[in-house]
Amino acid sequence: YKDTDCEVAPDAWGPACTISIENLQLLKRTINEKDIYKLVTDIANYSNVAAFGYMQSQSVAQNLQYDLQTCHKFIHTSMKYSDQIEYINNADSSNLIIILSESGTYFKRAFERKTLFRNTNDKPKIYLITCNSDIEIPYVDYYIRYESINDYASHPYLLAAITGMICTCYAERYLEAPEPI
């Protein structure tokens, strides 16, 4: 520590690591595996799947895209928030949309003053992955909820763990085992 340019003592990371581990343990206790299985089934059954998030949550959505791609399932995502909104606005019942939002406020940012899906018979199926247990949005079809300590340091890890569960479950259920050599 003293021989480097680092201005933070090595043990300063201890509390952040401890909180992150505690938060992951809380996730393990509170996530409902049946919700994950339901989403995985829908991912397999829809040909038009998209995953979106805002800021750190969007990087997790991109990782979901990459991980599912290794299972030969191709989904859409976009870093640009305005492109995400355009995709959602143009989606219909042939689309599955997965929103990653720790706070659950993804839709509030873009659609607070706007009516979504005037034709509710032709709207996309929407999953919201969030730790917000109070939020209820009329056009969200399914929630994957979990508990979180809600700290800045570990919030992307929880969403990354959930998308890891999604991809692992998808691979186990739908990826064909390679032929033995």
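Values in this document were obtained by computation on a predicted structure and should not be read as measured data.

**Q** So what exactly am I meant to see when it comes to the pairing of strand β2 (residues 95-100) here?
**A** Consecutive side chains along a regular strand alternate between the two faces of the sheet. Summarising burial for β2: six of the six residues are buried, a large majority. Residues of β2 alternate between two faces, with Asn 95, Ile 97 and Ile 99 on one and Leu 96, Ile 98 and Leu 100 on the opposite face, all of them buried. Here six bridges tie strand β1 (residues 48-53) to β2, and the two strands are oriented parallel to one another. Bridging across to β2, Phe 52 finds its partner in Ile 99. Relative to strand β3 (residues 125-130), β2 runs parallel, the two being bridged by five bridges. Bridge pairing links Leu 96 to Lys 125 in β3.

**Q** It is not clear to me how the sheet that holds β2 should be interpreted in this structure. Could you clarify?
**A** Paired through their backbone hydrogen bonds, the strands of a sheet run either parallel or antiparallel. Judged by pairing direction, the sheet is parallel, and its four strands sit side by side in the order β1-β2-β3-β4 without closing on themselves. One side of each edge strand has no neighbouring strand; the edge strands of this open sheet are β1 and β4 (142-145). Sheet twist, expressed as the mean angle between neighbouring strand axes with direction ignored, is 15°. Note that β3 and β4 share four bridges and pair parallel. Residue pairing across strands places Ile 129 opposite Ile 144, the latter belonging to β4. Sheet strands touched by helix α4 (residues 81-90): β1 and β2. Its angle to β1, the strand with the most contacts, is close to 140°.

**Q** Would you take a moment to explain helix α2 (residues 33-45) for this structure?
**A** Every α-helix winds through 3.6 residues per turn, so residues three or four apart in the chain are directed the same way. With 13 residues, α2 should reach 18 Å at 1.5 Å per residue; the first-to-last C-alpha distance of 19 Å fits that figure. Within α2, burial applies to Ile 36, Leu 39, Val 40, Asp 42 and Ile 43. Projected down its long axis, α2 shows its buried positions confined to an angular sector of 160°, all on one face. When the buried face of α2 is taken as reference, the exposed residues oriented beyond 90 degrees from it are Lys 34 and Asn 45. The opening residue of α2 is Asn 32, an N-cap whose side-chain oxygen sits 2.9 Å from the backbone nitrogen of Lys 34.

**Q** What is the right way to read the packing of aromatic side chains from this model?
**A** Note on aromatic pairs: each is described by the distance of the centres and the angle between the planes. Evaluation of the coordinates by the stated rule reveals seven aromatic pairs. Residues Tyr 54 and Tyr 81 carry aromatic rings whose centres are separated by 4.9 Å and whose planes lie at 70° to one another, so their mutual orientation is edge-to-face. Of the two residues, Tyr 54 sits in the loop between β1 and α3 (56-69) while Tyr 81 sits in helix α4, which places them 27 residues apart along the sequence. Measuring from ring centre to ring centre gives 5.1 Å for Phe 107 and Tyr 139, while their planes differ by 85°; the resulting arrangement is edge-to-face. Note that Phe 107 is positioned in helix α5 (residues 106-111) and Tyr 139 in the loop between β3 and β4, a separation of 32 residues in sequence. The exposure class assigned to Phe 107 is buried, which follows from its relative accessible area of 2%. For Tyr 139, a relative accessible area of 17% gives the class buried.

Reading the values: the criteria
- Residues numbered from 1 in each chain as written.
- Predicted model: local features only at pLDDT ≥ 70, side-chain atom pairs only at ≥ 80, totals over all residues.
- Heavy atoms only, no water.
- Buried < 20%, exposed > 50% of the residue type's maximum accessible area, 1.4 Å probe, protein only.
- Helix = DSSP H or I, 4+ residues; strand = E, 2+ residues; numbered from the N terminus.
- Pairing = 2+ DSSP bridges.
- Axes fitted to C-alpha atoms, helices over the stretch in contact; angles between N-to-C directions.
- Contact = heavy atoms within 4.5 Å.
- Expected span 1.5 Å × (residues − 1).
- Arc of directions from axis to C-beta.
- Polar contact = N/O pair within 3.5 Å; in protein donor to acceptor, adjacent residues only side chain to side chain.
- Phe/Tyr/Trp six-rings, centres within 6.5 Å; stacked < 30°, edge-to-face > 60°.

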